Amino acid sequence: QVQLVESGGGLVQAGGSLRLSCAASGRTFSNYAMGWFRQAPGKEREFVAKIRWSGGSTYYADSVKGRFTISRDNAKNTVYLQMNSLKPEDTAVYYCAAEPPESGEFDYWGQGTQVTVSS
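Note that the structure is predicted; figures quoted are calculated from it, not measured.

Okay, the nonpolar core next. Residues Leu4, Met34, Trp36, Leu81, Met83 and Tyr94 are the most contacted members of the largest nonpolar core, which totals 30 residues. Secondary structure elements with two or more residues in this core: strand S1 (2–7), strand S3 (18–26), strand S4 (33–39), strand S5 (46–51), strand S7 (68–73), strand S8 (78–83), strand S9 (92–99) and strand S11 (113–118). Excluding its chain neighbours within four sequence positions, the residues that come into contact with leucine 4 are Cys22, Ala23, Ala24, Met34, Cys96, Ala97, Ala98, Tyr108, Trp109, Gly110 and Gln111.

This is how it looks when you write it as structure tokens:
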């Protein structure tokens, strides 16, 4: 089992920045791909970003490309999402997720952290 705890959400004005953190505990974190997803009110959860276990490969949704950066520190069992140039449409609950190498799917999820961007 892997436990994930997000932090760093809050209220920010449009154009501002936030950095989300996701602390992992349990099984070997460094072998897992990690991802960030978000869910806005009345909408389905959507993919935001993903990083491979080595940190060498990253993937982003088109809507956040060039503004958000995903990174990880395997020594700290932590994955980050740096969010710059935030827009009101980025308002959502942001979730961290872990993808075991044997699964190929995001099997573990955090409880989420609220990000609100005011116009």
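Structure's up, so let's keep going.
As a further point, take the state of the cysteines. Summed over the entire model, instances satisfying the criterion amount to one disulfide. Across a sulfur-sulfur distance of 2.1 Å, cysteine 22 and cysteine 96 are joined as a disulfide pair. Classification of the bridge connecting cysteine 22 and cysteine 96 rests on its S-S torsion, roughly -75 degrees, and on that basis the disulfide is left-handed. Of this pair, cysteine 22 sits in strand S3 while cysteine 96 sits in strand S9; the two residues are 74 residues apart in sequence, bridging distant segments of the chain. In this pair, the class of cysteine 22 matches that of cysteine 96, namely buried.

Checked against the element boundaries, aspartate 90 lands in the loop between S8 and S9. Polar contacts involving the side chain of aspartate 90 include one to the main-chain amide nitrogen of lysine 87, which spans 2.8 Å. In this structure aspartate 90 touches Arg38, Arg67, Phe68, Ser85, Val115 and Val117, once residues within four positions along its chain are discounted.

The rules behind each value
- Residues numbered from 1 in each chain as written.
- Predicted model: local features only at pLDDT ≥ 70, side-chain atom pairs only at ≥ 80, totals over all residues.
- Heavy atoms only, no water.
- Core = buried A, V, L, I, M, F, W, Y, C linked by side-chain atoms within 4.5 Å.
- Buried < 20%, exposed > 50% of the residue type's maximum accessible area, 1.4 Å probe, protein only.
- Helix = DSSP H or I, 4+ residues; strand = E, 2+ residues; numbered from the N terminus.
- Contact = heavy atoms within 4.5 Å.
- Disulfide = S-S within 2.5 Å.
- Polar contact = N/O pair within 3.5 Å; in protein donor to acceptor, adjacent residues only side chain to side chain.

Coordinates in, geometry out; function isn't part of it.
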